[in-house]
Structures are given as structure tokens and as C-alpha cells.
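Observations on chain architecture
Each chain, letter by letter, is given below.
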Number of protein chains: 2
Amino acid sequence: MTKISLIGTGNVAFHLCKVFTEQNVEVEIYGRNKVNVKKFESDFNIKNITDLKEIDPQSLAVLCVNDDQIQILLNQIDSKISVAYTSGTVSLDSLPKRENIGIFYPLQTFSKSRKIDFFQVPILIEANNEFFAQKLFDFAWKMSSKVEFADSEKRKKVHLAAVFVNNFTNHLFYLAKNQVDKAGIDWNLLNPLIKETVVKIQDLSPFDAQTGPAKRGDFSTIESQINLLESNILDENSLEIYKLMTKSIIETYKIK
Amino acid sequence: MTKISLIGTGNVAFHLCKVFTEQNVEVEIYGRNKVNVKKFESDFNIKNITDLKEIDPQSLAVLCVNDDQIQILLNQIDSKISVAYTSGTVSLDSLPKRENIGIFYPLQTFSKSRKIDFFQVPILIEANNEFFAQKLFDFAWKMSSKVEFADSEKRKKVHLAAVFVNNFTNHLFYLAKNQVDKAGIDWNLLNPLIKETVVKIQDLSPFDAQTGPAKRGDFSTIESQINLLESNILDENSLEIYKLMTKSIIETYKIK
């Protein structure tokens, strides 16, 4: 690709802009949030465009926006311009037809303040024609060692699993940190456990790695922990999550 | 401690037996599960006792059993024998008084087939008298660099947080693996994401590390993922967990 028109200024756009410019690809940025656009301009020394009609017809437009914005933006971008979007969930056939449209889905959690080794990030590729799919694949291959073709169905399922292993896991960390912070306990005390939780499943399947009161059928601990959550009400959700996750573990291992 | 009488043959007993024998502490084992007891005898070259009355009065009895078994066992162990138990949740004052009773709580997830660097495992110590507390502390200090005194209230809260960051996280991994396995997707594709989930919070707080559809308020993705879970019914719990975790994230970030 000679030139990328990046649409959006969120976390994904930020990390793609970083890796694209590191690859010496020319990037221009478009976004509704003008403060963010300015920041991209200065951080990456790139130009901005203020109108989607300004997109260079030779460039690849990469849409890094919320799912419900994809179709709206597509309708405003000249149908001759090649487009890739980064959504895990939107299927190709749900969108209006155009000459070249595809998906460039990086399977990672991106925050602006985190450095990411992009070469380790799996990128899932799909497109409405083989030629464009191969073009996207070759482009992705320059920046990642883990590029795969995946149709929309597969990508959706990977994205859903990603929400479980990252978004929900991180939220559990947040809830646990809240609990220990309010009790005046050093959060770092839990760090070896958190690390082992992930290292362990490099070795064992998550099914075999499970431990804890629910797995053991230690109902007296479970009751005591529910009482603790009820008497130290931080939020109703922590209690509900405790009950539901415990129920799910008990059912998984058929504990009686 | 000159001698340990280990009561129980589960994962915690196994790892304590390993670290105690590595420290050249004499260990004897007692357990209801005779197959496990035999395995301990041969794996660690230690003796077993078949009756709690046989416990050497000079030894420290370490109870690695389910919470509801602690009191039952205590009633069977001569009250002159010093006892430590490994529960995160049972408070000291809920148990019958005796000369020396305390807690030796290793904050880690233990499975028999995993090697653990015990020196990195935090151990929380409490006892019914200062002398015995110090004795347990000094004993723990030989095998871990992270020994702390913690009263029952603090320990309960740490244990609850541990259930969130380990037990529930691992169960999310299990549910996600089920999803990708059934879709014929390689589970390893999610590995860089899982690793980054943990590495990221060494740098950012879990609050700042959060990403994903719920955090972005991307309701069209959320709807699509709920549909996917409903149409590919693996189990009712995955769907309920998706809805509850999403609700909790949305409320945490006051997304509208």
C-alpha cells in the first residue's frame, strides 16, 4: 500500500498509525474528535483530512471506528476507494457492496499508553475478492508474524472469545483491586497469583488448571465469601458475578 | 520446626510437602484418601500416619483441608499439639481455643502437575499468640521471600480477591477455550492477548487498562455478540456471564 487514510482516532487507530508510520507507509488521519486529530498530527508527523471526499483515491482507507459507524462512513467514502475495517464482529456481507472491501482485524487489547510488540499480534484478514484479500495479507505480513485468513463467522467467534479472556478478565482484576484497595491491602500481593494464572495455562488446559472453593465444592468457604461481599457492599455487581461464576464452575465440574 | 504432620493430600498439601521436604524438614502425612497417601509416601519418601492420635506431640500439624473439615479435625488432634491451617477464609476466633493455633496461608493457585517457585509465593501468617506467630513467620521465611502477618479479616479479603483474579479468570479462559474449540479455531491464537492482559496491568491500573465493546459503549457489537451466544448455545452460563460482565463494565465507566 502506498498510502493509508486512517479513519478514527481511538486506541486501535493509534497503534495502527504507529506501526504503519514505523513501516514508512504514508498515513493521513481523519476523525471527528479534533483534539485527537491534532495529537495524531503532532505525535506521528502526519497530515489530516477534514472531509472524507479528500481521501486520495489511490490510498487504502482503514476504518478504526465503532461497529455502528462503519456503514455510515462507507456511504460517505467514494466506492472506488479500497476500504479495510478493523472490527471483530461486523460481517462483510452485512455491508453495502463496493469494489474492494476487507477486514484487517488485529487481535489484541490496545491502549494508547501501552507499547505493543506488533510483530506478535495476530491479524485476521478477509476481503470481498481474492486479489484484495492477498493485498491486505501481504500488507499485514510486513508488520506481524501471525497473519491468517479468517471469514466473518470465524472472526466473530475469535472476537467473542477475546472479550472473555481480555475484557472480562481485566474487569475481574478491577473488581478485585477495588476490594483490596478499600481494605487497605497492597494490590501487589496478588501479583504472583495473577502471573501464575496465565503462565499455568501455557502448561495445563484451563479445565485442568482450575482450583478454588467452587472447584473443590468447599461450600462453607463459598458461603463465607458471599457473606463478606454482602456485608462489605462495594457494588451489587461483584456479588452477582461471584454467585454466577461460582455456579458456572460448580456446574462445569458437576460438583454436588 | 523439627517435624511437620501434614493433614490432607490435595494440591496445597502436595506443594507444601514438596517445599518442606526440600527444606529438609521431616514430614509425615495423614489423609482420608489412601491412594493419595501412598503417592505422597513414594513421591516424597515420607511416612504416613493412620490415626491422628499418632501425631508426634513435638511436631507442627499443618491442616490442608476444606474449610468445613478444620474444626472436625481439630477436635481429634491433642490440644497440646501446635496446629497451623492453610485456609484463606476461616477466622481464628471461629475455632475452639487451644495452646498454639495459627494460619500459614500461601497465596497461590496450586495444581499437582505445576512447578511453583515457592520463594515468590506470599505467605500470610496469624496465630493466637505472639510467640507462635513468630515461630510460624520464621518457618515461612525460610521458604518464601514474601511473608506477612495478616489478621483473619485481612486474609479473608485477600482470599476473596484471589478467587476473582485466579479462579474466575481461569474459568473465563475455560469458557473462551470451549467457544473457540467448538468453532475449530486454534486456542493459541488468543495467547498473545491473554499474556498482554496480565502484562498490561503491571503498567496501567485495571481501570485504565480496560478496552472492548462495553468500555467503548459499542452497543451494536454487544448486541451481535449476545446473538452469537444465543444462537451457538454452548451453555446458559456463558450468555449470563457475558450479560452481567458487560453490565458491570458499562456501569463502572458510566457509559450511556
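For the structure itself, consult the block above.
Notes on the structure in this doc start here. This structure is a prediction, so every number in the text was calculated from the model and none was measured. (Residues numbered from 1 in each chain as written. Chains lettered and ligands numbered in written order. Predicted model: local features only at pLDDT ≥ 70, side-chain atom pairs only at ≥ 80, totals over all residues. Heavy atoms only, no water.)

Points about the packing of helix α6 (residues 191–200) of chain A against helix α6 (residues 191–200) of chain B
Two elements in contact, α6 of chain A and α6 of chain B, have axes whose closest approach is 10 Å; the angle formed by their N-to-C orientations is 175°. The angle between the axes of α6 of chain A and α6 of chain B places the two elements in the roughly antiparallel class. Across from Ile194, Lys195 and Val198 of chain A in α6 of chain A, the residues of α6 of chain B making contact are Ile194, Lys195 and Val198 of chain B. Looking at the contact of α6 of chain A with α6 of chain B residue by residue, the class counts come to four nonpolar, no polar and two charged. (Axes fitted to C-alpha atoms, helices over the stretch in contact; angles between N-to-C directions. Helix = DSSP H or I, 4+ residues; strand = E, 2+ residues; numbered from the N terminus. Parallel < 35°, antiparallel > 145°, perpendicular 65-115°, else oblique. Contact = heavy atoms within 4.5 Å. Nonpolar A, V, L, I, M, F, W, Y, C, P; charged D, E, K, R; others polar.)

Observations regarding the relation of the copies chain B and chain A
Between the two copies of this chain, the relationship is a rotation about some axis together with a displacement along it. The operation relating chain B to chain A is a screw motion whose rotation component is 180°, with 0.0 Å of axial translation and a residual RMSD of 0.0 Å. Accordingly, the operation relating the two chain copies is best matched by a two-fold axis. Considering only C-alpha atoms, the residue of chain B closest to the rotation axis is Thr169 of chain B, which sits at 2.7 Å. When the interface residues of chain B are mapped onto chain A, 100% of them again fall at the interface, so both copies present the same face. (Least-squares fit on C-alpha atoms with pLDDT ≥ 70 in both.)

Examining the pairing of strand β5 (residues 82–85) of chain B
The two faces of the sheet receive side chains in turn, since in a regular strand these alternate between them. Residues and elements named next belong to chain B. Burial along β5 is two-sided: Ser82 and Ala84 and Val83 and Tyr85, pointing in opposite directions, are all buried. Sheet analysis places β5 next to strand β6 (residues 101–106), joined by three bridges and oriented parallel. By the bridge assignment, Tyr85 is partnered in β6 with Ile103. (Buried < 20%, exposed > 50% of the residue type's maximum accessible area, 1.4 Å probe, protein only. Pairing = 2+ DSSP bridges.)

Concerning the pairing of strand β1 (residues 3–7) of chain B
Residues and elements named next belong to chain B. In terms of burial, β1 is a largely internal element, five of the five residues being buried. With burial as the criterion, each face of β1 is covered, one bearing Lys3, Ser5 and Ile7 and the other bearing Ile4 and Leu6. Note on the crossover from β1 through helix α1 (residues 11–22) to strand β2 (residues 26–30): the handedness is right-handed. Direction of pairing for β1 relative to strand β4 (residues 60–63): parallel, over a ladder of four bridges. Counted as the bridge partner of Leu6 is Val62 from β4. (Right-handed = clockwise from strand over helix to strand, strands pointing away.)

Side note on the interface of chain B and chain A
Counting residues at the interface gives 93 residues for chain B, matched by 93 residues for chain A. When chain B packs against chain A, the two sides together hide about 9100 Å² of surface, and 65% of this comes from carbon and sulfur. Together, Arg114, Phe164 and Leu189 of chain B form the three largest contributors to the area buried by chain B at its contact with chain A, with a combined 8%. Applying the counting criterion to the chain B and chain A interface returns four salt bridges. Run the count over chain B and chain A and you get 40 residue pairs in polar contact (both at pLDDT 80 or more). Within the residue set of the side of chain B that touches chain A, elements represented by two or more residues are α3 (67–74), α5 (152–182), α6, α7 (206–209), α8 (213–216), α9 (219–231) and α10 (236–252) of chain B. A class-by-class count of the residues in the side of chain B that touches chain A yields 42 nonpolar, 32 polar and 19 charged. (Buried area = accessible area lost by both parts, 1.4 Å probe. Salt bridge = Lys/Arg side-chain N within 4 Å of Asp/Glu carboxyl O. Polar contact = N/O pair within 3.5 Å; in protein donor to acceptor, adjacent residues only side chain to side chain.)

Comments concerning helix α2 (residues 34–44) of chain B
Residue and element names in this part refer to chain B. Those residues of α2 that sit buried are Val37, Phe40 and Phe44. Taken down its axis, α2 places every buried residue within 60° of arc, on the same side. With respect to the buried face of α2, the exposed residues turned more than 90 degrees away are Val35, Lys38 and Ser42. Close packing links the buried residues of α2 with β1, α1, β2 and β3 (47–48). Its side-chain oxygen placed 3.1 Å from the backbone nitrogen of Val35, Asn33 serves as the N-cap of α2. A positive phi of about 55° marks Asn45, the residue just after α2. (Arc of directions from axis to C-beta.)

Quick notes on α1 of chain B
Residue and element names in this part refer to chain B. Given a rise of 1.5 Å per residue, 12 residues ought to cover 16 Å, and the 17 Å separating the end C-alpha atoms of α1 matches this to within 8%. Turning to α1, its buried residues number three or more, namely Ala13, Phe14, His15, Leu16, Cys17, Val19 and Phe20. Buried residues belonging to α1 abut β1, β2, α2, β4, β6 and α4 (130–141). Immediately downstream of α1, the backbone of Asn24 shows phi near 60°, a positive value. (Expected span 1.5 Å × (residues − 1).)

These results come straight from atomic positions and should not be treated as a statement about function.
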